[in-house]
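Single-letter residue listing:
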Amino acid sequence: MYAQLVETGVKRIKDLSEMTEQERAFQEKIDSEIKIEAKNWMPDAYRQTLIRQISQHAHSEIVGMLPEGNWVTRAPSLKRKLQLMAKIQDEAGHGLYLYSAMETLGADRDEEIAKLHSGKAKYSSIFNYPTLNWADMGAVGWLVDGAAIVNQVVLQRTSYGPYSRAMVRICKEESFHQRQGYEILLTMMRHGNQAQKTWSRTPSTACGGRH
Ligand SMILES: [Fe+2]
Ligand SMILES: [Fe+2]
């Protein structure tokens, strides 16, 4: 999901005896699970890799709002509309926490967003699939946000403090997203008409947008 390579010039991991004093102090902090903070010294390759990863993560949160934004005016009830708007708003917040974490590394937000617009920076490709019916909103919440939780829970323990703390809050909100998606599909399967029951078994997202 976040597999775009960043060329840092580092070809292999040094062992402790080859490191400078600064590098060794950094490595010892990592090994004892002490968080690295914005003002601490860090190797340039670590900084560049984090900027790439956090910006790509932030872009995915923002682009992830788009398929769901299309359904705000077509949500089947006021309750569903409120839930969907709350979820979309959360995703905007996730993007903003992450852009802020990225800026603590010295990256420029406008420059990183320009890379997204030019196609140089990537985002999670799942959001390119069309969401053609309401069951897709259920499938996105349950399965896409569910997959995001799997990826993101481990990042709560990542070594960079600002990224780690952003992830703690994000993961709490993702749990609500997954639950609302599950409940959308469950409601369609239990109470929908035959067409809705069929849709909820084969949402467009689940069959690669060819439905
Ligand atoms: Fe999110
Ligand atoms: Fe989410």
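Everything in this summary refers to the structure shown in the same document.

Here we look at the coordination of the iron ion (ligand 1)
And step 1. Looking at the iron ion (ligand 1), the protein donor atoms are Glu-61 (OE), Glu-91 (OE), His-94 (ND1) and Glu-174 (OE), and they sit 2.0 to 2.2 Å from it.
And step 2. Written as a sequence motif, the donor residues of the iron ion (ligand 1) are E-x29-E-x2-H-x79-E.
And step 3. Between the iron ion (ligand 1) and the iron ion (ligand 2), a spacing of 3.4 Å is present, and a bridge between the two is formed by Glu-91. Residue Glu-91 is found in helix α4 (residues 78-103), and its partner Glu-174 is found in helix α7 (residues 161-191); the two are separated by 83 residues along the sequence.
And step 4. Among the residues examined, Glu-91 registers a relative accessible area of 5% and is labelled buried.

Quick word on the nonpolar core
And step 1. Ile-54, Leu-98, Tyr-160 and Tyr-163 are the most contacted members of the largest nonpolar core, which totals 20 residues.
And step 2. When residues of this core are traced back to their parent elements, those giving at least two are α2 (44-63), α4 and α7.
And step 3. It is α2 that provides the largest number of residues to this core, a total of five residues.
And step 4. Setting aside anything within four residues of it in sequence, one finds Leu-98 in contact with Ile-54, His-57, Ala-58, Glu-61, Tyr-163, Ala-166, Met-167 and Ile-170.
And step 5. Judged by nonpolar contacts, the second largest core, of 11 residues, contains Ala-75, Leu-84, Ala-135 and Met-137.

So, unusual backbone geometry
And step 1. Positive phi outside glycine occurs at Glu-33, with the angle close to 60°.
And step 2. Using a relative accessible area of 57% as the deciding quantity, one classes Glu-33 as exposed.

Some details on the coordination of the iron ion (ligand 2)
And step 1. The iron ion (ligand 2) binds to the protein through Glu-91 (OE), Asp-145 (OD), Glu-174 (OE) and His-177 (ND1), with metal-donor distances spanning 1.9 to 2.2 Å.
And step 2. Coordination at the iron ion (ligand 2) comes from four donor atoms whose angles at the metal span 89 to 164°, giving a geometry best classed as irregular.

Comments concerning the environment of Trp-134
And step 1. Structurally, the position occupied by Trp-134 is in helix α6 (residues 134-153).
And step 2. Overall, the relative accessible area of 9% leaves Trp-134 in the buried class.
And step 3. Apart from the residues within four sequence positions on either side, Trp-134 is in contact with Trp-71, Ala-75, Pro-76, Arg-80, Leu-84, Ile-184 and Met-188.

Remarks on the layout of surface pockets
One water molecule sets the probe size; rolling that probe over the atoms shows where empty space is left.
And step 1. Size it by volume and the largest pocket reaches roughly 450 Å³.
And step 2. Around the largest pocket sit Val-10, Arg-12, Ile-13, Lys-14, Met-19, Glu-23, Phe-26, Gln-27, Ile-30, Pro-43, Ala-45 and Tyr-46, which together line it.
And step 3. Within the residue set of the lining of the largest pocket, elements represented by two or more residues are α1 (21-31) and α2.
And step 4. Among the elements that make up the lining of the largest pocket, the one with the highest residue count is α1 (four residues).
And step 5. Tallied by class, residues from the lining of the largest pocket come to eight nonpolar, one polar and three charged.

Looking at the pattern of salt bridges
And step 1. Going through the model one piece at a time under the given rule, you end up with 10 salt bridges.
And step 2. Put simply, Arg-165 and Glu-37 hold a salt bridge, and the shortest N to O gap is 2.8 Å. Remark: Glu-37 occurs in the loop between α1 and α2 and Arg-165 occurs in helix α7; sequence separation between them is 128 residues.
And step 3. Arg-165 gets classed as partly exposed once you look at its relative accessible area, which sits at 48%.
And step 4. Residue Glu-37 is classed as partly exposed on the basis of its relative accessible area of 26%.
And step 5. Note that Lys-87 and Glu-68 form a salt bridge whose closest N and O atoms lie 3.0 Å from each other.

Reading the values: the criteria
Residues numbered from 1 in each chain as written. Chains lettered and ligands numbered in written order. Predicted model: local features only at pLDDT ≥ 70, side-chain atom pairs only at ≥ 80, totals over all residues. Heavy atoms only, no water. Donors = N, O, S within 2.8 Å, 3.2 Å for Na, K, Ca; no water. Helix = DSSP H or I, 4+ residues; strand = E, 2+ residues; numbered from the N terminus. Buried < 20%, exposed > 50% of the residue type's maximum accessible area, 1.4 Å probe, protein only. Core = buried A, V, L, I, M, F, W, Y, C linked by side-chain atoms within 4.5 Å. Contact = heavy atoms within 4.5 Å. Tetrahedral: all angles 85-135°; square planar, octahedral: opposite > 155°, others 65-115°. 1 Å grid on protein atoms, 1.4 Å probe; cavity = no way out; pocket = protein on both sides within 12 Å on 5 of 7 lines; lining within 4 Å. Points joined across faces, edges and corners; volume = space filled by probe spheres on them. Nonpolar A, V, L, I, M, F, W, Y, C, P; charged D, E, K, R; others polar. Salt bridge = Lys/Arg side-chain N within 4 Å of Asp/Glu carboxyl O.

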